[in-house]
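What follows is each chain in one-letter form.
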Amino acid sequence: MNKKNIKVLIVDDEEDLLDLLAQRIRRKGNTVEVAASAEKALALLHAFSFDVGIYDIKLPGMDGIELLRQSKEKYPSMEVIMLTGHGTIETAIESMKMGAYDYVSKPYALSELEAVLDKAFEKKQLNETNHGLQRVLLSKEKDFSIIGDSPCMQRLTELIQKLASSEIPVLIEGESGTGKELVARALHFWGERSEQPFITVNSGALPESLLESELFGHVKGAFTGAVSDKKGIVELADQGTLFLDEIGEMPQSVQVKLLRFLESEEFRRVGDSSLRWVHVRIVAATNRTLEDEVARGRFREDLFYRLNAMRVSVPPLRERKEDIPLLVQHLLAQSRGREQISVDEKALHALMRYTFPGNIRELAYMLERGVILARGNVIKTEDLLIPDVDSSKEEESIEEWLSLSQIERQHIGRVMEFCHGNKTHAARILGISVRNLYRKLAEYHI
């Protein structure tokens with residue numbers, strides 16, 4: 001039915017039918033939760049995120065219509081299919097006016113319901129694309145706060161300033177949560193294109209069948225559901241910046257078309273024979289090592305070289321711990337609902353000892369928890385829920401002895417930085433084989 005996992009919530013008080021339907025949808029590779037009442041369904045909606053709900057109209061207690069109303073109010077991006085029996089057709093039609101995607105009459109063929117489910121999921125993906133992935137930033141704000149006084153952040157800021165006014169494509173590398181999109185925005189808004197559109201698309205968030213249409217647009221009748229002409233992202237970004245996030249996840253068939261566009265700035269909408277031309281600056285980002293993806297045959301080498309005209313590496317938070325106090329101050333200043341909230345000294349030292357595998361995003365979530373759990377306006381260590389940090393222990397010195405593996409990791413990282421990511425050169429300096437270097441890079445997550 002689909003290539004992606006659909007998260008489905010089924011609500012029906014007929015247990016035999018509920019189990020049969022759940023088993024059938026799970027066999028297609030989807031995730032299914034079930035509820036025999038609206039009250040249990042609301043609890044599941046609070047605990048999990050769903051793509052599509054399938055609600056019976058007649059339920060004990062709260063009926064399916066009220067469940068639909070509350071679902072659309074709290075989770076508007078979720079699509080809902082209503083199940084209706086004899087005598088409730090008019091109610092089902094009314095539910096569509098309230099936001100239901102469609103209704104299916106009992107008794108129904110499972111294949112019929114599966115087809116409606118598939119279409120409902122496709123509509124949700126298209127809505128997410130329109131409202132989330134295509135974002136034209138109209139802000140004139142030029143001061144995008146890149147927080148940090150550490151040497152690596154100073155070098156990064158200087159490099160962004162130099163690249164902002166150029167036309168050269170930029171490839172931003174860094175782990176998830178390090179702030180790659182913030183760097184991309186700075187490249188745009190600190191440069192001469194700041195008055196033009198900045199548009200971003202997550203290359204791995206859409207199925208292959210939709211990604212080409214979203215990038216290049218389509219004409220009416222190009223495929224089922226193409227009821228009108230639609231501009232693609234590259235057209236919306238004309239004269240501005242196109243930010244391709246998670247470029248390493250882009251399907252190879254779309255990589256071919258993207259490369260052709262980058263080389264000529266010409267493209268065709270899906271289903272159209274006429275060529276169109278735009279002028280955009282390309283900024284791409286990845287949390288993968290694209291050289292490795294090229295070596296494994298998952299990313300086109302010619303596209304890699306086209307995108308890699310200039311590379312910017314965003315350091316992980318564990319390599320710039322001296323910036324944590326500034327980041328904490330900045331993130332708390334953005335928190336809502338509390339005034340003049342702060343982190344006490346022991347909690348700050350605990351943050352400095354933590355490795356932050358989720359980087360700045362994890363720090364932000366941790367501080368959000370702290371704001372909620374703090375009893376006053378001072379966040380303590382126990383409020384942060386830091387993994388592997390025992391607040392009952394005496395405060396430890398930040399300058400601790402390093403293990404041999406930590407020393408080796410730091411040394412390899414410095415050599416890789418010195419060699420600008422050239423693994424052959426780095427392996428020669430380290431006195432090991434390239435194959436052994438690849439193993440150590442994977443082992444140490446460098």
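Up top you'll find the structure we're talking about.
Residues numbered from 1 in each chain as written. Predicted model: local features only at pLDDT ≥ 70, side-chain atom pairs only at ≥ 80, totals over all residues. Heavy atoms only, no water.

Novice: Account for the pairing of strand E6 (residues 170-173), with residues named and values stated.
Specialist: The two faces of E6 match: Val170 and Ile172 on one face and Leu171 and Glu173 on the other face are all buried. By the bridge criterion, four bridges tie E6 to strand E11 (residues 281-286) in an arrangement that is parallel. Residue pairing for E11: Glu173 is matched across the bridge by Thr286. In terms of strand pairing, E6 meets strand E12 (residues 310-313) through four bridges, oriented parallel. (Buried < 20%, exposed > 50% of the residue type's maximum accessible area, 1.4 Å probe, protein only. Helix = DSSP H or I, 4+ residues; strand = E, 2+ residues; numbered from the N terminus. Pairing = 2+ DSSP bridges.)

Novice: I'd like to hear about the sheet that holds strand E4 (residues 79-84), residue by residue, with values.
Specialist: Ordered in space as E2-E1-E3-E4-E5, the five strands form an open sheet in which the pairing is parallel. The outermost strands of the open sheet, each flanked by one partner alone, are strand E2 (31-35) and strand E5 (102-105). Within the sheet, the average angular offset between the axes of one strand and its neighbour, ignoring direction, is 20°. In this sheet, E4 lies alongside strand E3 (residues 52-56) in parallel orientation, the contact comprising five bridges. The partner of Asp56 across the bridge, within E4, is Leu83. Of the strands in this sheet, strand E1 (7-11), E2 and E3 are in contact with helix H2 (residues 38-47), which crosses E2 at around 145°. In the packing of helix H4 (residues 89-97) onto the sheet, the strands contacted are E4 and E5, and the crossing angle to E5 comes to about 160°. (Axes fitted to C-alpha atoms, helices over the stretch in contact; angles between N-to-C directions. Contact = heavy atoms within 4.5 Å.)

Novice: Describe the packing of aromatic side chains, and please don't skip the residues or the numbers.
Specialist: Following the criterion strictly, the structure yields seven aromatic pairs and no others. Between Phe216 and Phe261, the aromatic rings sit 6.1 Å apart at their centres with planes inclined by 65°, giving edge-to-face as the arrangement. With Phe216 in helix H8 (residues 208-216) and Phe261 in helix H10 (residues 252-264), this pair connects stretches of sequence that are 45 residues apart. This pair shows no difference in class: Phe216 is buried, exactly as Phe261 is. Within the aromatic cluster, the residues linked to one another by ring pairs are Phe189, Phe198 and Phe243. (Phe/Tyr/Trp six-rings, centres within 6.5 Å; stacked < 30°, edge-to-face > 60°.)

Novice: Quick one: what's the story with the packing of H8 against H10, residue by residue and with numbers?
Specialist: Where H8 meets H10, the closest approach of the two axes is 10 Å, and the angle between their N-to-C directions is 15°. Taken together, the axis directions place H8 and H10 in an arrangement best described as roughly parallel. The crossing of H8 and H10 is right-handed. Seen from H8, the contacting residues are Glu208, Leu211, Glu212, Leu215 and Phe216; seen from H10, they are Ser253, Val254, Lys257, Leu258 and Phe261. (Parallel < 35°, antiparallel > 145°, perpendicular 65-115°, else oblique. Left-handed = near helix turned anticlockwise from the far one by under 90°.)

Novice: Describe the pattern of salt bridges, listing the residues and the values that go with them.
Specialist: Taken as a whole and assessed by the stated rule, the structure comprises 26 salt bridges. Across the salt bridge formed by Glu291 and Arg311, the nearest N and O atoms sit 2.9 Å from each other. Of this pair, Glu291 sits in helix H11 (residues 290-295) while Arg311 is found in strand E12, placing the two residues 20 residues apart along the sequence. Note on Glu291: relative accessible area 19%, which makes it buried. (Salt bridge = Lys/Arg side-chain N within 4 Å of Asp/Glu carboxyl O.)

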